[in-house]
2 protein chains.
Amino acid sequence: MTRALTLILASVPIALIATSAMTASKGLPQDKQSNARNFVLVAHGGAGDYSHLTPEQIAARRAAMTTAMEAGYKVLAGGGRSLDAVETTIRILEDSGQFDAGRGGYYTRDGVPELDAAIMDGQTLNAGAVAAVKRIANPISLARLVMEKTPHVLLVGAGAEQFAESQGVRLVSPYYFFDESRWKNYQERRAAEEKTKSSGLSAQPVHGTVGVVALDQSGNLAAGTSTGGTNWKMPGRVGDSPLIGSGTYANNESCAISATGTGEFFIRNVVAADICARVKYLHVSLEQAATDVIMKELVEQHGDGGIIGLDRHGNVAMLFNTNGMMRGVVKSDGNITIKIRQE
Amino acid sequence: MTRALTLILASVPIALIATSAMTASKGLPQDKQSNARNFVLVAHGGAGDYSHLTPEQIAARRAAMTTAMEAGYKVLAGGGRSLDAVETTIRILEDSGQFDAGRGGYYTRDGVPELDAAIMDGQTLNAGAVAAVKRIANPISLARLVMEKTPHVLLVGAGAEQFAESQGVRLVSPYYFFDESRWKNYQERRAAEEKTKSSGLSAQPVHGTVGVVALDQSGNLAAGTSTGGTNWKMPGRVGDSPLIGSGTYANNESCAISATGTGEFFIRNVVAADICARVKYLHVSLEQAATDVIMKELVEQHGDGGIIGLDRHGNVAMLFNTNGMMRGVVKSDGNITIKIRQE
């Protein structure tokens, strides 16, 4: 990535961004805003190798992230729940097609996306998740339905889609996820595999998993993550994103975490729960706990990725051991800051 | 459960049990055994309400558990790996049809079992798991193949079965899981649901999940769990058993855990990883950590279940907040002790 690109990613006051969503949230009476408790929303668009992305691709992702965060901010500024802010923000990221989530999910070796998502309420520890769903436009919302409408936490595959239909969620055509560049990439990989007879996994250029953690005016944390998983993954593979404690976790007693990276390392190390356990039991800061896990333990294992995290006091952690992680923060003042590279 | 039943479950010296497996392990030279480091294998056959089981049912489960533990003991006594002992023991429990795992898996609302399993190596943190598989006789062995033959940790549903076939694992007919009493139970529930139009989940009489934790002569821990999940579960529902950190976890630095109970509570509380985190960060004993999680936190949430655990020093924890949990211990001396009720 060039120096010029880094400059593009500097902080932009939200007031400079004209959208109807922001207009509405900026329209809140000032005294209501100042009386309100502090609230925070942190989002990520995946940790990975950003050096192959063009400035145009970065700009498109950045615009999608901004739009999504504006919507999440609006929920929190209006006194809404962190759970709603997380779902709202992630839905927009899923719909954008700019990330490895929802419409933009990577294709498996079978040539279609299989999507995973989880959402968790830090106040109650209630959680919902779906994995390996092929015909769901917004896995994060289906995860929330699992949380609220079933006695279960995790539904996978055809069973999850059957549940979706029972809840009136329309199953989309596989072509909803069609994209010229992903299709071309798939065909190239398939041709290459047939040539070499290799069954190994190729690295993907960028992990574009999306995730959001939020603290609302009532002091409640929530976390959510949505992903298409690793590119060219085996059908049926489930990563860390939909697994409570690995890729997604929220607990008012400790912290809220959403992870991104090569999920297998995050599963084996139960990363999200481990960071929160260190905060709770060792009484270290969220930043310290996340540094020890992401920048030391995972690095020793060659496990690439990062996390965003929030504690109940509004402390933010955004760490990654790759060359970039798209991440954004917005607090009560409404300034959205989005960055990619290490500072 | 009657007092008489409790008496049946007392400790039985392994020398009294005549099987070829035990004959072989008892045949090891005495000096090899005495020079060897201590090793331990702990198994469970599910926590739940044992009051509805007949003495004959208990005796059949107890016999299956004994046979399985003998085989696991033999692996450890011969200097084998804890990972092999875990897999060997669980395979026999799966094959027995006496537990809610493998051949004996409960039926979902669709009238067939969907099986979950996980295995984890405490030395390397390598792990493998499968979930929602319908045509696999031994999910624990498929979990191990996922660990050793793929870059992934968790494969679910049809993708997991596709992988099984690629590895030469034969898919079994659905009738492999047919059982007169489960089929009758399914028909009754289905009739009752059609009558009441209720979509709630009925409680199951006994959680018969199986799990094993082991410490081998090299001082390495391993854990494994296999289950059919809750009775009458929604298709696609995945419980805690195959989720690393929730129902299954092993780490030489802290402990090895296999859980049983209503999995959703174990997922929300990331139970296995939390117990090990308390051991690692709070420096409390495994027994204390497990007591605080299972007998306090889960009880407050009305989350029923239990765990078996082992640390690297061979300390054993077996706790449950239900009226029973079938559990067995065997150490280097070869005495297998199997109990069900609280002491």
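Below, the structure is looked at part by part. This structure is a prediction, so every number in the text was calculated from the model and none was measured.

On to the interface of chain A and chain B. Listed as interface residues are 44 residues of chain A and, on the opposing side, 44 residues of chain B. Summing both sides of the interface, chain A and chain B together bury roughly 3300 Å²; the carbon and sulfur share of this comes to 66%. Among the residues chain A hides against chain B, the three largest losses belong to H152(A), R268(A) and Y281(A). Together they make up 21% of the total. The interface formed by chain A and chain B includes zero salt bridges.

Residue and element names in this part refer to chain B. Taking 1.5 Å per residue, 15 residues should reach 21 Å; helix α5 (residues 82-96) reaches 21 Å between its end C-alpha atoms and fits that length. All buried positions along α5 are accounted for by S82, L83, A85, V86, E87, T89, I90, L93 and E94. Looking at the buried side of α5, the elements it contacts are β1 (40-48), α4 (55-77), β2 (115-121), α6 (139-149), β5 (210-215) and β6 (221-227). Once α5 ends, the next one or two residues include G97, with phi positive near 70°.

Let us look at the pairing of strand β13 (residues 336-339) of chain A. Residues and elements named next belong to chain A. Every second residue of β13 is oriented toward a common face, the buried set being I336 and I338 and the non-buried set T337 and K339. Here strand β12 (residues 324-331) pairs with β13 via four bridges, running antiparallel. When the sheet's bridge partners are listed, R327 is paired in β13 with K339. Connecting β12 to the next strand, β13, in antiparallel fashion are four residues, including G334 with a positive phi near 85°.

Time to look at the state of the cysteines. All names here are of chain A. By the definition in use, this model includes two disulfides over all chains. Between C255 and C276 runs a disulfide, and the two sulfur atoms are separated by 2.3 Å. Here the disulfide of C255 and C276 is left-handed, its torsion about the S-S bond being about -120°. Of this pair, C255 sits in strand β9 (residues 255-261) while C276 sits in helix α10 (residues 271-282), placing them 21 residues apart in sequence. The pair C255 / C276 is uniform in exposure class, with both members buried.

Once that is clear, we can look at the sheet that holds strand β8 (residues 248-250) of chain A. Residue and element names in this part refer to chain A. Read from one edge of the open sheet, four strands run β8-β9-β10-β11, paired in antiparallel fashion. Across the chains shown, the open sheet's two edge strands, defined by having one partner strand only, are β8 and β11 (316-320). Geometrically, the sheet is characterised by an average inter-axis angle of 10° between neighbouring strands, direction not taken into account. Strand direction decides the pairing type here: strand β10 (residues 305-311) and β11, joined by five bridges, are antiparallel. Across the sheet, residue I308 finds its bridge partner in β11, namely M318. Seen against the sheet, α10 touches β8, β9 and β10 and runs at an angle of roughly 145° to β9.

Our next topic: the side chain of T150(B). Within the fold, T150(B) resides in the loop between α6 and β4 (154-156). On the basis of relative accessibility, which here comes to 11%, the residue T150(B) falls in the buried class. Within the local environment of T150(B), its side chain forms a polar contact with the backbone oxygen of V146(B), the two atoms lying 2.7 Å apart. Polar side-chain contacts of T150(B) include one of 2.9 Å to the backbone nitrogen of H152(B). Not counting the four nearest positions on each side in its chain, T150(B) is found in contact with M234(A), L145(B) and F163(B).

So, on to the packing of α10(A) against helix α11 (residues 286-300) of chain A. Residue and element names in this part refer to chain A. It is the contact of α10 with α11, at a shortest axis distance of 8 Å, that shows an interaxial angle of 135°. Taken as axis vectors, α10 and α11 run oblique relative to one another. For α10 against α11, the interelement crossing comes out right-handed. Residues V271, D274, I275, R278 and V279 of α10 touch α11, and the partners they reach there are L286, A289, A290, D292, V293, I294, E297 and L298. Classifying every residue of the contact of α10 with α11 gives nine nonpolar, no polar and four charged.

Taken in spatial order, the nine strands line up as β13(A)-β12(A)-β1(A)-β5(A)-β6(A)-β2(A)-β3(A)-β4(A)-β7(B) in an open sheet, and their pairing is mixed. Each edge of the open sheet is held by one strand with a lone partner, namely β13 of chain A together with β7 (237-238) of chain B. Set on the sheet, helix α5 (residues 82-96) of chain A makes contact with β1 (40-48), β2 (115-121), β5 (210-215) and β6 (221-227) of chain A; between it and β5(A) the angle comes to about 155°.

Once that is clear, we can look at the side chain of R327(A). Residue and element names in this part refer to chain A. On the secondary structure map, R327 appears in strand β12. Although R327 is buried, it forms no salt bridge, and the closest oppositely charged side chain is E343 at an N-O distance of 4.6 Å. Side-chain polar atoms of R327 contact the backbone oxygen of I340, separated by 2.7 Å. Among all residues touching R327, those that are not within four sequence positions of it are A43, H44, I308, M318, F320, T337, I338, K339, I340, R341, Q342 and E343.

Cut-off values and rules
Residues numbered from 1 in each chain as written. Chains lettered and ligands numbered in written order. Predicted model: local features only at pLDDT ≥ 70, side-chain atom pairs only at ≥ 80, totals over all residues. Heavy atoms only, no water. Contact = heavy atoms within 4.5 Å. Buried area = accessible area lost by both parts, 1.4 Å probe. Salt bridge = Lys/Arg side-chain N within 4 Å of Asp/Glu carboxyl O. Helix = DSSP H or I, 4+ residues; strand = E, 2+ residues; numbered from the N terminus. Expected span 1.5 Å × (residues − 1). Buried < 20%, exposed > 50% of the residue type's maximum accessible area, 1.4 Å probe, protein only. Pairing = 2+ DSSP bridges. Disulfide = S-S within 2.5 Å. Axes fitted to C-alpha atoms, helices over the stretch in contact; angles between N-to-C directions. Polar contact = N/O pair within 3.5 Å; in protein donor to acceptor, adjacent residues only side chain to side chain. Parallel < 35°, antiparallel > 145°, perpendicular 65-115°, else oblique. Left-handed = near helix turned anticlockwise from the far one by under 90°. Nonpolar A, V, L, I, M, F, W, Y, C, P; charged D, E, K, R; others polar. Lys, Arg positive; Asp, Glu negative; His and termini not counted.

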